Amino acid sequence: MAATSVDHPLFARCYARISRVVEKRGLAGHRQALLEGLSGQVIEVGAGNGLNFAHYPSTVTRVLAIEPEPRLRHLARAAAVRAPVPVEGREGLAEHLPAADGTFDAAVASLVLCSLPDPHAALSQMRRVLAPGGQLRFLEHVRADSAGMRWVQDLLDATVWPRLAGGCHTGRDSALVIQQAGFTITALERFLLPAVRTPMSFLIRGTAYPTA
């Protein structure tokens, strides 16, 4: 039987603390913008500790939140109780989503593509579960815009960072990965958070649709 979970206890504990600090420094506003205008049924892939849940608009009728890390999934289920829309937390991997074909009006990927062993497979799964006309909303940190910072990202990614950060790759070009997986990006914003340039502060937020 295929695995449906991953185990990153140190990362999960650290992320649960650090993520709340980053929320207060501006990421919460970007989550709000990410989810604005969504409606119907949504699948959130890699829900983490559930920080998106509070920002779903009332037009969303259901969120299926997939999270493979048990400690983060426990926190996400607690956050689901306080969410303004119905949220069901479920164990599962992005590369093998536990959902039927053509079920969801939107898929949400938030700070998850960087950490996946096979992001193309995960995005293929998101395409599979989207209903006709369904969209992908994404919020991801990405490859830096300068050669020097990209060198630092590559060094981190080849050594300690994925082991410390639950598989995260600071220099992954997630926008390119989304396009290569058969999506057309229709809206894209690039920003720094925090404003100080670090290997982890280059982010994108956007919308994509399966390419016809």
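One can find the structure itself at the top, above this paragraph.
In short, a report on the structure. (Residues numbered from 1 in each chain as written. Predicted model: local features only at pLDDT ≥ 70, side-chain atom pairs only at ≥ 80, totals over all residues. Heavy atoms only, no water.)

## Considerations on the sheet that holds strand β2 (residues 60-66)
So, point 1. Ordered by their spatial adjacency, seven strands build an open sheet running β3-β2-β1-β4-β5-β7-β6, and the pairing between neighbours is mixed. Both outer strands of the open sheet, β3 (87-90) and β6 (183-192), are each paired with one neighbouring strand and no more. For this sheet the average axis-to-axis angle between neighbouring strands, irrespective of direction, equals 15 degrees.
So, point 2. As judged from the six bridges shared by strand β1 (residues 40-45) and β2, these two strands associate in the parallel manner. Following the sheet pairing, G40 is matched in β2 by V60.
So, point 3. Each of β4 (104-110), β5 (130-141), β6 and β7 (202-210) is contacted by helix α1 (residues 9-35), which is oriented at about 165 degrees to β5, the strand it contacts most. (Pairing = 2+ DSSP bridges. Helix = DSSP H or I, 4+ residues; strand = E, 2+ residues; numbered from the N terminus. Axes fitted to C-alpha atoms, helices over the stretch in contact; angles between N-to-C directions. Contact = heavy atoms within 4.5 Å.)

## Topic: the side chain of R172
So, point 1. Structurally, R172 is set in the loop between α5 (161-164) and α6 (174-180).
So, point 2. Within the buried set, R172 has no salt-bridge partner at all; the shortest N-O distance to an opposite charge, 7.3 Å, is to D157.
So, point 3. Separated by 3.4 Å, the side chain of R172 and the backbone oxygen of C114 make a polar contact. (Buried < 20%, exposed > 50% of the residue type's maximum accessible area, 1.4 Å probe, protein only. Lys, Arg positive; Asp, Glu negative; His and termini not counted. Salt bridge = Lys/Arg side-chain N within 4 Å of Asp/Glu carboxyl O. Polar contact = N/O pair within 3.5 Å; in protein donor to acceptor, adjacent residues only side chain to side chain.)

## Brief notes about the pairing of β1
So, point 1. For β1, the tally of buried residues reaches five of six residues, placing the bulk of the element in the interior.
So, point 2. Pairing analysis gives four bridges linking β1 to β4, with the strands arranged parallel. Residue pairing for β4: E44 is matched across the bridge by V108.

## Remarks on helix α3 (residues 119-129)
So, point 1. The set of residues buried in α3 consists of P119, A122, L123, Q125, M126 and V129. Looking down the long axis of α3, one finds its buried residues gathered within 155 degrees of arc, a one-sided arrangement.
So, point 2. Along its buried surface, α3 packs onto β1, β4, β5, α6 and β6. (Arc of directions from axis to C-beta.)

## Quick word on the side chain of R73
So, point 1. For R73, the position within the fold is in helix α2 (residues 70-81).
So, point 2. Relative accessible area serves as the criterion here: at 9%, R73 is assigned to the buried category.
So, point 3. Not counting chain neighbours up to four residues away, the residues in contact with R73 comprise G48, E67, P68, R90 and E91.

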